Amino acid sequence: MAIASTRAKELLCSRGSSLLWRLSSSWLRGGLGMAREEFPGANCTGRRMETIHSDASGASDHFKVAVVGAGPAGLAVLSTLLDVGTDSILWIDPHFNAGRLSTYTEVPSNTKVKLFQQYVTTSPSLNRYASQALAQFDSQDPDRGCSLGLAVRMVKTLTDSIRQHDMNRVRCSESFVKELRFQDGKWHLDSGEVVDQVYLATGSAPSKYRSVKGVQDIDLDLALKPSALPDIVSESDSVGVVGSSHSAMLALRNLVECKVRPKKIINFYRSPLLYAQYMDNWILYDNTGLKGEVAEWAKEEVDTGNLEAKEIVTRICVKGRSLDEQLELWRGCSKLIQAVGFSRNALPKIVINGEELMNVEYDPLNGRIADGLFGYGIAFPEQTTDPRGNRELAVGLWKFMRYARETVSKHSLHLS
């Protein structure tokens, strides 16, 4: 579900994991995860625990694993741990409500229905609940996309089922993690629990360059929600959309089709639209190209120049312009939507043997951050290389599950 620019793709080949993360929040990068406001570093009053799970030693606050985050990536990690026989798991999330995915119920997916189904059926632990979790897909074409609202219901159903039926192996904590401290070979949570391994699946939120004085920012989440737009824009507005990603094209379409269409819609972009290309058993530009109904719309309305010919949309290429020069262009808008990527949510404070880890980097091939500490999901995406040698950062429900199954079992071999 993530979209990155051609420039980001080029840079991706030349640097290590630090740059890989920066690229995931650069121009045109898109995706889904847990919202910053859903996982802030706030206090934990009102914290609720489900079950008191003791390990073999009898200590009620010692766990083999803690999974932080209950969005699609956190669920993929948790189910994989269950599948490989891990018990004594602490699962932490303030809401257990499908993470940031729950924000996008009106967004059309760029993932085929059969991959949502595969997300469930690949994991024996999730497949136990497949009949209920996948019922809403029965009427859907497995080779086409669907509303992400269906995927939200799927994740919520699976999460609720695990919380209800796997209480002997998983303790759920409706809380936040403010600090992780590593000492004596164990991770200590600020809430008192001690764990052998921690998996961070804490998600990301839309990022932007800078605000422009006199120009009102429209939050990307609201721009992707057609029902919200009529209350945000007016017929007298000039609205700019920055980017050419999946999110940018969807925001552009929502403006064009809004019952209160602005008098002027401007698309500021750096690169031509890039489309995923289906090859033999693989996809070129799988994570950077447009897919699904948004791709079909963009080909018909944007790439053909149809919207410009009708004077509905003006497109302005800003390639080669400095940010200051772009900001000057944006001043001609009354409102602005920046679809320029997603930035990692605030992480817990991480202290290793008394020293705070200030710059959190990870291995994009296995998720490792430090001894016993791993990152997954849109905040810590997997690096993939296609048959032509193109490197991308893989984001999407099925990709989270596939990556978890390839790597989590190797990490779990080291559990005591």
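Source: prediction; values computed, not measured. (Residues numbered from 1 in each chain as written. Predicted model: local features only at pLDDT ≥ 70, side-chain atom pairs only at ≥ 80, totals over all residues. Heavy atoms only, no water.)

(A) Inspection of the pattern of salt bridges at higher detail. Counted under the stated rule, the structure contains 20 salt bridges. Here Asp166 and Arg128 are joined by a salt bridge, their closest N and O atoms 2.9 Å apart. Taken as a pair, Asp166 in the loop between α7 (148-165) and β4 (170-174) and Arg128 in the loop between α5 (124-127) and α6 (130-133) lie far apart in primary sequence, 38 residues in all. The exposure class of Asp166 is buried, given its relative accessible area of 3%. When the shortest N-O distance is used, the salt bridge between Asp217 and Lys208 registers 2.9 Å. Overall, the relative accessible area of 45% leaves Lys208 in the partly exposed class. Several salt bridges converge on common partners, so that one network encompasses Asp286, Lys291 and Lys399. (Salt bridge = Lys/Arg side-chain N within 4 Å of Asp/Glu carboxyl O. Helix = DSSP H or I, 4+ residues; strand = E, 2+ residues; numbered from the N terminus. Buried < 20%, exposed > 50% of the residue type's maximum accessible area, 1.4 Å probe, protein only.)

(B) Seen up close, unusual backbone geometry. The phi torsion at Ser88 lies on the positive side, around 55°, for a residue other than glycine. As for its placement among the helices and strands, Ser88 is situated in the loop between α3 (72-83) and β3 (89-92). For Asp184, which is not glycine, the phi torsion reads 55° and is therefore positive.

(C) Spatial organisation of the packing of aromatic side chains. Applying the stated criterion across every chain yields a total of eight aromatic pairs. An aromatic cluster is defined as three or more aromatic residues linked by ring pairs; in this entry it consists of Tyr199, Phe374, Tyr376 and Tyr403. The ring of Tyr275 is capped by Lys299, whose NZ or CZ atom sits 4.9 Å from the centre of that ring. The lysine or arginine in question, Arg315, covers the ring of Tyr269, its NZ or CZ lying 4.0 Å from the ring centre. (Phe/Tyr/Trp six-rings, centres within 6.5 Å; stacked < 30°, edge-to-face > 60°. Lys NZ or Arg CZ within 6 Å of the ring centre and 35° of its normal.)

(D) Molecular detail of the confidence of the model for the protein chain. Taken as a whole, the protein chain shows an average pLDDT of 88; of its residues, 85% reach a score of 70 or greater. Between residues 1-46, whose pLDDT stays under 50, and residues either more than four places distant or in other chains, the model counts 164 contacts. Predicted confidence for residues 51-59 stays below pLDDT 50, and this span has 16 contacts to residues more than four positions away or in other chains. (pLDDT = per-residue confidence, 0-100. Contact = heavy atoms within 4.5 Å.)

(E) Just helix α13 (residues 397-412), in detail. Over its 16 residues, α13 runs 21 Å from end to end, which matches the ideal 22 Å to within 8%, given 1.5 Å per residue. The principal kink in α13, of about 35°, is found at Arg405. (Expected span 1.5 Å × (residues − 1). Bend = angle between axes of the 7 residues up to and from the residue.)

(F) Up close: the packing of α3 against α7. One way to put it is that α3 packs onto α7 with a least axis distance of 11 Å and a crossing angle of 40°. Between α3 and α7, the crossing angle belongs to the class labelled oblique. Here α3 runs over α7; the crossing is left-handed. Residues Pro72, Leu75 and Leu78 of α3 lie in contact with α7, whose contacting residues are Val155, Leu158, Thr159 and Ile162. Per-class residue counts for the contact of α3 with α7 are six nonpolar, one polar and no charged. (Axes fitted to C-alpha atoms, helices over the stretch in contact; angles between N-to-C directions. Parallel < 35°, antiparallel > 145°, perpendicular 65-115°, else oblique. Left-handed = near helix turned anticlockwise from the far one by under 90°. Nonpolar A, V, L, I, M, F, W, Y, C, P; charged D, E, K, R; others polar.)

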